[in-house]
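Chain and residue survey
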2 protein chains.
Amino acid sequence: MPRVSQDHLDARRRQILDGARVCFARYGYEGATVRRLEEATGLSRGAIFHHFRDKESLFLALAEDDAVRMAQVVADQGLVQVMRDLLTEGSAHPADWLGTRLELSRRLRTDPEFRARWAERSDQLTRATRERLLRQHEAGKLRDDVDVDVLTAFLELVLEGLVSHLAMGLPADHLTPVLDLVEETVRVHHRNPAGAARP
Amino acid sequence: MPRVSQDHLDARRRQILDGARVCFARYGYEGATVRRLEEATGLSRGAIFHHFRDKESLFLALAEDDAVRMAQVVADQGLVQVMRDLLTEGSAHPADWLGTRLELSRRLRTDPEFRARWAERSDQLTRATRERLLRQHEAGKLRDDVDVDVLTAFLELVLEGLVSHLAMGLPADHLTPVLDLVEETVRVHHRNPAGAARP
């Protein structure tokens, strides 16, 4: 039997994750049966579960994979850009992310055991957000009267709201200026309102 | 047979809503069986469904009742106070609100027909938030460089994030300064950072 190269294994793993992402987003966690995972990935159950122990491990790997990709966008462009992507149809991955994230938040809500498994790997996004804010702080672009941890938690809370909002199928056309406001809130301010304190 | 007074009808309706709120929060919509609703309200199914056509109508009435109560707090104290209440254990109604709101957002997500029924009555909170912001604007307490509708949508988005965050059982100890930041964001600013624009 030929030895399977690492490249081949990686490609196979990627193929499974990409198919599974579509499948979970479309049918939800429970609805993503092994049969449907086979169809979505184009692989047999044997091949799928050679790479992932079980469906939950596959879903966790997918959520982690998405978190790493989101963290990469955060590192490059900031969490507000991740949110803008969620509002923009036709951009690279928003629908994917949203599907996985929705299932993730539902399972976190309803399954304490899953919550414990996820807790160990859920901090990529927080770390990426925090690190980017620290870099922006050093570059003098960030407001310095509020702790970076508070700004990080603020951005994450708005992201959670946006995911929930989109999940409920509520209209989102009006949210672009809201994200502008959110972005402005973490930055050094350049407005000088009537009530500004005197030196 | 004695005529049933309006007061009596109102009290009965209130009794049903209060019991049902606890029941839905505890068991979720599907888990809130008629039997459990009877136990939670202390009334027979006959009495319950004399007042409400069916379980969905009861849940909608409850969600609307909570929205009216939240709107009242918003009118008096603002949406940020509603959010602070959600963080404070032992305050008046937060656990109640949260339970109903969680079920509401889950059902909005999964049931388009329900979404349509709710859409007709879901704007109390938006209206109350908007009206309070307009009053604050007139009183000169609100920033005036951002449209009131944007500020309203901003506050609602943060509320959605907070509800989702609490629903996932994530730690919330660090969120008080985040709500301070949110509150400050809608207000007239009195800070005068280094980069402030010159007149």
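Residues numbered from 1 in each chain as written. Chains lettered and ligands numbered in written order. Predicted model: local features only at pLDDT ≥ 70, side-chain atom pairs only at ≥ 80, totals over all residues. Heavy atoms only, no water.

Per an unreviewed UniProt entry, chain A carries the name TetR family transcriptional regulator and comes from Amycolatopsis albispora.

1. Quick word on the UniProt feature "DNA-binding region" (unreviewed entry) in chain A
Per the UniProt entry, the sites bearing "DNA-binding region" (unreviewed entry) are residues 33-52 of chain A in this numbering. Within residues 33-52 of chain A, the helical portion is 75% and the strand portion 0%, while the C-alpha atoms at the span's ends are 15 Å from each other. (UniProt positions renumbered as here; feature names shortened; annotations may be inferred. Helix = DSSP H or I, 4+ residues; strand = E, 2+ residues; numbered from the N terminus.)

2. Digging into the UniProt feature "domain: HTH tetR-type" (unreviewed entry) in chain A
With numbering aligned to this structure, UniProt lists the feature "domain: HTH tetR-type" (unreviewed entry) at residues 10-70 of chain A. In residues 10-70 of chain A, the share of helix is 87% and the share of strand is 0%. The end C-alpha atoms are 20 Å apart.

3. A look at the side chain of B:Gln124
All names here are of chain B. Its place among the elements puts Gln 124 in helix α8 (residues 124-138). By relative accessible area, Gln 124 is classed as buried at 12%. With residues near it in sequence (within four places) discarded, Gln 124 still touches Glu 64, Ala 67, Val 68 and Ala 71. (Buried < 20%, exposed > 50% of the residue type's maximum accessible area, 1.4 Å probe, protein only. Contact = heavy atoms within 4.5 Å.)

4. Concerning the domain arrangement of chain A
All names here are of chain A. Entries for chain A in the domain assignment read domain 1 (1-52) and domain 2 (63-199). Across the contact, eight residues belong to domain 1 and nine residues belong to domain 2. Here domain 1 and domain 2 share an interface that buries about 670 Å² over both sides, 47% of which is from carbon and sulfur atoms. When the area that domain 1 buries against domain 2 is broken down by residue, the three leading residues are Arg 21, Ala 25 and Tyr 29, summing to 67%. The interface formed by domain 1 and domain 2 includes three salt bridges. Among the ionic pairs, Arg 14 bridges to Asp 65, the shortest N-O distance being 3.1 Å. Linking domain 1 with domain 2 are three residue pairs in polar contact (both at pLDDT 80 or more). Of the residues belonging to the side of domain 1 that touches domain 2, the class tally is four nonpolar, one polar and three charged. (Domains from an automatic or database assignment. Buried area = accessible area lost by both parts, 1.4 Å probe. Salt bridge = Lys/Arg side-chain N within 4 Å of Asp/Glu carboxyl O. Polar contact = N/O pair within 3.5 Å; in protein donor to acceptor, adjacent residues only side chain to side chain. Nonpolar A, V, L, I, M, F, W, Y, C, P; charged D, E, K, R; others polar.)

5. Digging into the pattern of salt bridges
Per the counting criterion, the structure on display carries 32 salt bridges over all chains. In this structure, the salt-bridge partner of A:Arg14 is A:Asp18, at a minimum N-O distance of 3.3 Å. With A:Arg14 and A:Asp18 both in helix α1 (residues 6-31) and four residues apart, this pair spans about one turn of that helix. Owing to a relative accessible area of 36%, A:Arg14 belongs among the partly exposed residues under this scheme. For A:Arg143, the salt bridge is made with B:Glu184, and the minimal N-O distance between the two is 3.1 Å. Taken together, the residues span two chains, with A:Arg143 in the loop between α8 (124-138) and α9 (148-167) and B:Glu184 in helix α10 (residues 176-186).

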